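Inside the fold
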Amino acid sequence: VVIKNGTIRDWFVGIDAREAYRSVLSDLVVTANSNDGIDVGSGGSVKRVNSSANGQIGLQVVQVGDAYGTSIEDSNFSRNVLKGVSLVANNVRFQGNIVHLNGVGGGIYVDMDRGSNEIMGNSIMGNGGYGVEIDSRSGGNLIAGNSFVFNTLGPVRDSGTGNHVGTYVGDALLTGGNQYSNIA
């Protein structure tokens, strides 16, 4: 599935590609859908997408078979009623995105039994829950190099085992060039 260059609004789910894998979504505005903005299967690419003001989740990535390597970059997930992003897949690279002003479900949620996800270099701010929340049965995820500001419950809740969460520093100048430091 390839969807590019358009606006999708006022549907139940803006884009429902959960059963597809290796989808390419780019240069889209997905807004005002009554449930999720985008539900996409694993193994694909999401670039330059603005998914905002949807009734539940801005973006949900779902594992499809053995398709790995989903890439999400340069996108904005904001003002979604429940949460910005839900990762129900393995080996997702989530980098260079803005996740802000989402509801009580928080910014990014890593679902149970999920691992090898990389959440790096994002701006995660003003969400109603945690900036990033990792389920207790998930491990091997990397949360690093992000900027966390004013998330109601805190920057990261890591309930899993074997996840790697970068240290928190109060100022970008204090990271000393450490790409794995998170700024809170």
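My aim in this report is to walk through the structure given alongside it, one point at a time. Residue positions are counted from 1 within each chain, in the order its sequence is given. Totals for whole chains, interfaces and linings use every residue, but because this is a predicted model, local features are given only for residues with pLDDT of at least 70 and side-chain atom pairs only at 80 or more, for both listing and counting. Think of the side-chain values as coming from all heavy atoms in the structure, minus any hydrogens and water.

**What to know about the overall build of the protein**
Formally: Comment: elements are numbered from the N terminus, with helices defined as DSSP H or I runs of at least four residues and strands as E runs of at least two. As defined in this context, the radius of gyration uses C-alpha atoms, and a globule is described by 2.2 Å times the residue total to the power 0.38. Relative accessibility under 20% of the residue-type maximum defines a buried residue, over 50% an exposed one, and the middle range a partly exposed one, all with a 1.4 Å probe and only protein chains included. Two residues form a contact once any of their heavy atoms are found within 4.5 Å. Under the convention used here, a 1.4 Å probe and the Shrake-Rupley method define accessible areas, while residue burial counts only the protein chains that appear.
Each helix and strand counted, the protein has zero helices and 21 strands in total. Its C-alpha atoms give the protein a radius of gyration of 15 Å, near enough to 16 Å, the size a compact globule of 184 residues would have. Considering only C-alpha atoms, the protein reaches an extent of 45 × 30 × 25 Å along its principal axes. Burial statistics for the protein: of 184 residues in total, 55% are counted as buried. For the protein, the proportion of contacts with a sequence separation of at least 24, taken over those separated by at least 6, is 46%. Surface accessibility of the protein: about 8,000 Å² in total, with carbon and sulfur atoms responsible for 52%.

**Here's the deal with the packing of aromatic side chains**
The following threshold applies: For Phe, Tyr and Trp, where Trp contributes only its six-membered ring, two rings pair if their centres lie within 6.5 Å, and the inter-plane angle classes them as stacked under 30 degrees, edge-to-face over 60, or tilted in between.
Summed over all chains, the structure comprises one aromatic pair. Ring centres 6.0 Å apart and planes at 35 degrees place the aromatic pair F77 and F94 in the tilted group. Of this pair, F77 sits in strand β8 (residues 76-78) while F94 is found in strand β10 (residues 93-95), placing the two residues 17 residues apart along the sequence. There is no split in this pair, since F77 and F94 are both buried.

**Focus: the sheet that holds strand β2 (residues 15-17)**
Basically, it comes down to this: Strand pairing follows a simple DSSP-based rule, namely that at least 2 bridges must link the two strands. Axes here mean lines fitted to C-alpha atoms, for a helix over just the part in contact, with angles spanning 0 to 180 degrees between N-to-C directions.
As summarised here, the arrangement of the seven strands in space is β2-β4-β6-β9-β12-β15-β18, forming an open sheet in which the pairing is parallel. Either end of the sheet is taken by a strand with one partner, and the two such strands are β2 and β18 (154-158). Shown here is a sheet whose adjacent strand axes are inclined to one another by a mean of 10 degrees, direction ignored.

**Side note on the side chain of S86**
Summarising the element assignment, S86 is placed in strand β9 (residues 83-88). Judged by relative accessible area, which is 3%, S86 ranks as buried. Discounting chain neighbours no more than four positions away, the residues touching S86 are I57, L59, Q60, V61 and Y109.

**Overview of the nonpolar core**
Selection criterion: Among the buried residues, those of types Ala, Val, Leu, Ile, Met, Phe, Trp, Tyr and Cys that are joined through side-chain atoms within 4.5 Å form a nonpolar core.
With 30 residues, the main nonpolar core has I108 and V132 as its most contacted residues. Looking at this core, the elements that each hand over two or more residues are β2, β3 (24-31), β4 (38-41), β5 (45-52), β6 (57-62), β9, β12 (106-110) and β15 (130-134). A per-element tally of this core places β3 first, with three residues. The residues touching V132, leaving out its near neighbours within four places in the chain, are I108, I119, I124, I143, F148, P155, V156 and R157.

**Quick notes on a nonpolar patch on the surface**
Our working definition: Each patch is built from residues that are more than 30% exposed by relative accessible area and take part in no salt bridge. Like charges join if they lie within 9 Å; nonpolar side chains (Val, Leu, Ile, Met, Phe, Trp, Tyr) join within 5 Å. Any carboxyl oxygen of Asp or Glu within 4 Å of a side-chain nitrogen of Lys or Arg constitutes a salt bridge here.
Judged by side-chain polarity, I98, M125, V149 and F150 come together as a nonpolar surface patch covering roughly 370 Å² of accessible area. Note on placement: V149 falls in strand β17 (residues 147-149).

**A closer look at the pairing of β12**
The buried fraction of β12 amounts to five of the five residues, a majority that puts the element mostly inside the structure. With four bridges connecting them, β9 and β12 associate as parallel partners. Its bridge partner being in β12, K83 is matched across the sheet by G106. Relative to β15, β12 runs parallel, the two being bridged by three bridges. Bridge assignment links V110 to a residue of β15, and that residue is I134.

**Considerations on the side chain of N102**
The topology assignment puts N102 in the loop between β11 (98-100) and β12. The residues touching N102, leaving out its near neighbours within four places in the chain, are F77, S78, R79, N80, K83, G84, G126, N127 and G128.

**Overview of unusual backbone geometry**
Even without glycine at this site, R48 takes up a positive phi of about 50 degrees. The topology assignment puts R48 in strand β5. Here F150, not a glycine, exhibits a phi torsion of approximately 55 degrees, which is positive. Here F150 shows up in the loop between β17 and β18.

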